[in-house]
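Summary of structural features
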Amino acid sequence: MARASRSQFVSFNKAAVDLSKPASKGLFSTSSVWEKTGANQAGSGILSPQQELFRAVLRSFSDVAVVDVDRLAHLRGQEWQRLLYWLDISGLALYFLDRLTQLGLAYVLPQSVFDRLQENFRDNILRTRSMIEESIAIQHDFQKAGLSYAVMKGLSLTPDSVPRPELRHQLDLDYLVAETSAPEARQILERRGYRLYAISEKTWEFKIHEIPHVSMKDLYKNLPYRAVELHLESATQKQASRLKRVVFRDMFGMTMPVFSPVDLFLGQAMHAFKDVCSAFSRAAHLLELYRHVLTHRYDVEFWSELRNRAGDDQKVCLGIGVVSCLLASIMGEFAPEALNVWTAEQLPASIHLWIELYGQRTVFSNNPGTKLYLLLQEELEAAGVPGRRPIKKSLWPSRLPPLVVRAVAGETVSTKIARYRLQLRFILSRMRFHLVEGLRYAVESYRWRKYLDRLS
């Protein structure tokens, strides 16, 4: 996307669909459920004006709607600042700029906002190129050592989910690695200067050049900080090996092993489901999955293979169903019946109700998010899908949060002070989050029990 000014777009058609109208209710008609539960009288499920704006932005990517120009044109300075912040943390900022440009509607942005997003885009081009170069260098070492690995997420999502890599704000580099190859992969990363930062189940997290001074203004900058995650695949796992089904694609001047098309979609869908089942859901992940579904909408063979690959895995069926229904409640109907019949249409009524009452409130919350996902976790556990950790521990953790930035040998006093200050702010913000959202959860949990009693 080339640099431009707003005046270039003034001559374009300004007509737009009014996104203030509600989206299609999708697969699940909630009118009878709301009558039974009385949720509509209680005001549950209602978005704040700010959340409605966030929803309108995400819906602007729908294949049946465009941008509500009048609404954006009447936003004031502080409203634009709050919207920009959400666009940044949700990963939608550059996608939104590209969407407006494609529609010829960039004139609706105030000049300062337009200039800011354009600068972010130029910075992210450099940042993306640097991350691609780093990924290529790492993969050259992996391939030279004969490791069994595959690129996960990130670069492999282009073009099915991501039109161009530079529009995506990628946070780290992810690789699936055979468990037997993991020790050597670790040595390769450590020779490049990475440090093993954390191990969580089958995931090893590495970081390099951590900076305790980074602000939101640096979000798109090409800083030296990098993070790499190795996701280990056990040779004895029950599911068939994804590494044995990899395909090789020529990307950015080298041949990279990536997931097969079905494995790529399945991994992306379950990552989006994991996002929904957490405090803060990154809206960009939902948009990317939405685009992926549209890419294969009429590919009967693809959906048939996906159904066979999922088998009787309850977590996969319910996970895809939750994300699909949530997206449909925002974007309108989009998924083919070949996907819905074994996912969205199999969801229990209580999960459908959670999506209608709390789903959009979760997606359009500001960082650090909410604890309303714990109500969903209870219903998923009742349906046979265990949560990542007990609800009580999620409500009030028994230990301090991990270090944001670790000490390095020979660090200066100013760096140490900045690191301590950053950690203290993080601890205080987490304490506030657990207190405020814990109280909100207690109130909503009481209401939720009443809704479920009426529903049953």
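Computed from a prediction, not measured in an experiment: that's the story for all the values here.

Here is what the cut-offs are and how they apply
Residues numbered from 1 in each chain as written. Predicted model: local features only at pLDDT ≥ 70, side-chain atom pairs only at ≥ 80, totals over all residues. Heavy atoms only, no water. Helix = DSSP H or I, 4+ residues; strand = E, 2+ residues; numbered from the N terminus. Contact = heavy atoms within 4.5 Å. Areas by Shrake-Rupley, 256 points an atom, 1.4 Å probe, with all protein chains shown as cover. Phe/Tyr/Trp six-rings, centres within 6.5 Å; stacked < 30°, edge-to-face > 60°. Buried < 20%, exposed > 50% of the residue type's maximum accessible area, 1.4 Å probe, protein only. Lys NZ or Arg CZ within 6 Å of the ring centre and 35° of its normal. Pairing = 2+ DSSP bridges. pLDDT = per-residue confidence, 0-100. Arc of directions from axis to C-beta. Core = buried A, V, L, I, M, F, W, Y, C linked by side-chain atoms within 4.5 Å.

Bringing the overall build of the protein chain into the picture now. When its secondary structure is counted, the protein chain shows 17 helices and 7 strands. Restricting to contacts in the protein chain with at least 6 residues of sequence separation, those with at least 24 account for 76%. Working note: accessible area of the protein chain is about 21,700 Å², and carbon and sulfur atoms make up 54% of it.

In total, this model carries 10 aromatic pairs according to the counting rule given. For the pair Phe265 and Phe302, a centre-to-centre distance of 5.8 Å together with 90 degrees between the ring planes defines the contact as edge-to-face. Here the residue Phe265 occupies a position in helix α9 (residues 261-276), and Phe302 occupies one in helix α11 (residues 300-310), the gap between them amounting to 37 residues. For Phe265, a relative accessible area of 1% corresponds to the buried category. Phe302 gets classed as buried once you look at its relative accessible area, which sits at 4%. In textbook terms, an aromatic cluster arises when at least three aromatic residues are bridged by ring pairs, as seen for Phe54, Trp86 and Phe364. Taking the ring centre of Tyr95 as reference, the NZ or CZ of Arg291 above it sits at 5.0 Å.

What follows covers the pairing of strand β3 (residues 195-200). As defined by bridge partners, β3 adjoins strand β4 (residues 203-208) across 5 bridges and the pair is classed as antiparallel. Each residue of the ladder has a partner; that of Ala198, found in β4, is Glu205. As consecutive antiparallel partners, β3 and β4 are separated by 2 residues, and within that stretch Glu201 has a phi angle of approximately 55 degrees, a positive value.

For the rest of this paragraph, the subject is the confidence of the model for the protein chain. In this model, the protein chain carries a mean pLDDT of 88, and residues with pLDDT of at least 70 account for 88%. Predicted confidence for residues 1-32 stays below pLDDT 50, and this span has 69 contacts to residues more than four positions away or in other chains.

What follows is about α11. Listed as buried for α11 are Phe302, Trp303, Leu306 and Ala310. Looking down the long axis of α11, one finds its buried residues gathered within 95 degrees of arc, a one-sided arrangement. In α11, the exposed residues that point more than 90 degrees away from the buried face are Val300, Glu301 and Asn308. Structurally, α11 contributes buried residues whose contacts are with α9, α10 (283-295), α12 (314-331) and α13 (337-340).

The biggest cluster of nonpolar side chains holds 107 residues, and the ones touching the most others in it are Leu83, Trp86 and Leu92. The leading source of residues in this core is α12, at 12 residues. The residues touching Trp86, leaving out its near neighbours within four places in the chain, are Phe54, Val57, Leu92, Ala283, Val363, Phe364, Ser365 and Asn366. If you look at the next biggest cluster of nonpolar residues, it comprises 27 residues, including Trp204, Phe206, Met251 and Val258.

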